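# Observations on the three-dimensional arrangement
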Amino acid sequence: MPARTSQKDDIYWRILNSAVALDMRHGHQKWTMTQLSKQSKVSRTLIYYYFGKSKLGILNEAVTLFGAEFAGETAERLALWKEGRMAETFLKSRELLKMVPALVPFYFINRSQPSELGEAIRKKEKAFRQKLAAFFPGRGASEIEALFGIFWGLVFAPDLSEAGIRRCVELLTASGSNRQS
């Protein structure tokens, strides 16, 4: 997903980033489609075309994207893991953050909230933990939690170099994984 470059894709990313930013700035759904149109520089008609008229629908799209990209729920991401190319998935996730920079604070603000978005984010985290358990069989719950924290942190560490990410994944997967070389 992060490799979008067409004008249509640019519009999609502008709308999504603006909606997430507005939600953080004004509070959960306490912004208007007019504000979204102004901030994203996209007409309301075009916003409706891309996302419908529901503010919650737009924010749910952000959470879905978050899960697909960060938790690696797409077929492409899962294939990279199976090929032993986990670092590639974290590098791709960081590309997403360049397109939707407001996603990180949005995630942290909403993840513990007793809301539909908070629940959706927690489900994505749970799915990622389950994925880790499947890829690292024999590791205990505390080790899976540690891996979750480290791998999740790789995405959110903007100053960590590509080489640093690759080395971190190499160190973590070298012992105990029969799916990594």
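All values reported here derive from a predicted model rather than from experimental measurement. (Residues numbered from 1 in each chain as written. Predicted model: local features only at pLDDT ≥ 70, side-chain atom pairs only at ≥ 80, totals over all residues. Heavy atoms only, no water.)

## Topic: the nonpolar core
What tends to happen in soluble globular proteins is that the nonpolar side chains get buried as a cluster. Counting 52 residues, the largest nonpolar core has Phe90 and Phe151 as its most contacted members. The element contributing the most residues to this core is helix H1 (residues 7–26), with 9 residues. Not counting the four nearest positions on each side in its chain, Phe151 is found in contact with Trp81, Met86, Phe90, Phe128, Leu132, Phe136, Val169, Leu172 and Thr173. (Core = buried A, V, L, I, M, F, W, Y, C linked by side-chain atoms within 4.5 Å. Buried < 20%, exposed > 50% of the residue type's maximum accessible area, 1.4 Å probe, protein only. Helix = DSSP H or I, 4+ residues; strand = E, 2+ residues; numbered from the N terminus. Contact = heavy atoms within 4.5 Å.)

## As for the pattern of salt bridges
Under the criterion given, the structure shown has 10 salt bridges. Its salt-bridge partner being Glu88, residue Arg166 comes within 2.5 Å of it at the nearest N-O pair. Taken as a pair, Arg166 in helix H10 (residues 162–174) and Glu88 in helix H6 (residues 86–99) lie far apart in primary sequence, 78 residues in all. Note that Glu145 and Arg129 form a salt bridge whose closest N and O atoms lie 2.4 Å from each other. On the criterion of sequence distance, the pair formed by Glu145 in helix H9 (residues 141–155) and Arg129 in helix H8 (residues 116–135) is long-range, its members being 16 residues apart. (Salt bridge = Lys/Arg side-chain N within 4 Å of Asp/Glu carboxyl O.)

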